[in-house]
Amino acid sequence: MNLVLGVSGSVAAYRSADLARELMRAGFVVRVCLTDAAEKFVTQALFEALTGQPCLTSAFDEPVAGRMAHIDWARSADVILVAPATANTLNKLAAGIADDMLTTLVLASEAPLVIAPAMNPHMYGSEVTRNSLDELRARAASIVEPLEGDVACGEQGQGKLASISAIVDAVREITARSAKLAGKTVLITSGPTREPLDSVRFLSNRSSGKMGSALARAVMLMGGQATLVCGPGSARPPLGAQVVRVETALDMLEAARGLAQRADLIVGAAAVADYRPEQSAHGKIRRSSEPIELRLVPNPDVIAELGKVAKPGVRIVGFAAEPDSALDAARQKIVRKGLFAIAVNNVSRPDAGFDVDSNELSLLFADGRTARSGLQSKLSCALWLLEQIVDSP
Ligand code: C5P
């Protein structure tokens, strides 16, 4: 889920750095926009390093050439958070003034808005600011009230930026589709495995791990703890997920088996190599004019093995890459692997399945029910899938 964090020029801007990290831990992709005054306290470089995303400062910034950032960011934001919001920025937002990048993109966006004010208590208590807050609330913005206490200018009163956890909670509340995984641990296998032929060569597949990372992010957005056991080269896991990196199918099984006993839900999104070379040569197999024979032996079925060690009643969900015309093959896997359900990637579509950002799932349940996600981003598919599983009787 995409979050734009607008930082305006209060001393409390220094806390936005921690706030950005906490939001990332909660599953959000965070992009920061600074006002001119915020840049007196914090820098673009700080936020770019923390978030791994571009940080906007001027109204004419254009990180992707030819795409106006205020429109691009406004459209793609699932939520906009302004924290800290100064009196100036807050009053401008209420009046619809758009004279810098932050106010412009808020005005251009239909995303829900969360505002965490921080300012001098007199400024906060002034009639103008009160009216602006009422106006913003009337437009469904969520206001995270500042706290009472000592403010940087030496006065006492209501004006201190709310706690980071209160701000994160407000964002969660406004974006949450559900908190249905609160307190739950979800184990996800993800990405490809590599099966060595010798010290420098391996057999593998084209899995990117993007679906597994999207599932981990979705778990966190639904309030749960994500544990990812992922193969090499897979997509960057979200901050906040527990990550165990593995190489081969046997490594994946060993790592996941240890974690499965603590999981409340298990999802097998990894593309585990079905076979491995019976022997892996030490060093490098030398070139010769003779053909060489490769004997492959079957790998264990990781997800089926996890079913044997999982807590009783834990739901196990597999993935299968099949064309939509071959759902029977997926149905057989439900039985063979002891699954609660299987999510079938429609590999006959170029915009779904391996190594792309979108997906389309058919979800087949052991009890015969089926559901379809439609073509969506991998994150939306992941949220949809987890809700289907949690909501099932
Ligand atoms: O049999 P197939 O490979 O199509 O099954 C796919 C599902 O089984 C996926 O959930 C995948 O993660 C899991 N799997 C596994 N271990 C294997 C093969 C597949 O966990 N060796």
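Residues numbered from 1 in each chain as written. Predicted model: local features only at pLDDT ≥ 70, side-chain atom pairs only at ≥ 80, totals over all residues. Heavy atoms only, no water.

Trainee: Quick question: what am I supposed to make of the site of the ligand here?
Mentor: Taken together, Gly 268, Ala 270, Val 272, Asp 274, Pro 300, Asp 301, Val 302, Ile 303, Gly 318, Phe 319, Lys 333 and Lys 337 are the residues near the ligand. Note that an oxygen atom of the ligand is positioned 2.6 Å from one of the backbone N or O atoms of Ala 270. Here an oxygen atom of the ligand sits 2.4 Å away from a polar atom, N or O, in the side chain of Lys 333. Considered on its own, the ligand offers 450 Å² of accessible surface; in the complex 87% of this is hidden by protein. If you list the elements that add at least two residues to the shell around the ligand, you get α11 (302–309), β16 (315–322) and α12 (327–337). (Near = heavy atom within 4 Å. Polar contact = N/O pair within 3.5 Å; in protein donor to acceptor, adjacent residues only side chain to side chain. Areas by Shrake-Rupley, 256 points an atom, 1.4 Å probe, with all protein chains shown as cover. Helix = DSSP H or I, 4+ residues; strand = E, 2+ residues; numbered from the N terminus.)

Trainee: I keep staring at the pattern of salt bridges and nothing clicks. Help me out?
Mentor: Two side chains bearing opposite charge may form a pair once their charged atoms approach each other closely. With the rule as written, the count across this model stands at 15 salt bridges. Put simply, Lys 311 and Asp 264 hold a salt bridge, and the shortest N to O gap is 2.8 Å. With Lys 311 in the loop between α11 and β16 and Asp 264 in the loop between α10 (249–260) and β13 (265–268), the pair connects residues that are 47 residues apart, well separated along the chain. In this structure Asp 264 comes out as partly exposed when scored by relative accessible area, which is 26%. Taking the shortest distance from any N to any O, the salt bridge between Arg 369 and Asp 367 comes out at 3.0 Å. (Salt bridge = Lys/Arg side-chain N within 4 Å of Asp/Glu carboxyl O. Buried < 20%, exposed > 50% of the residue type's maximum accessible area, 1.4 Å probe, protein only.)

Spatial relationships are all this shows, so hold off on functional conclusions.
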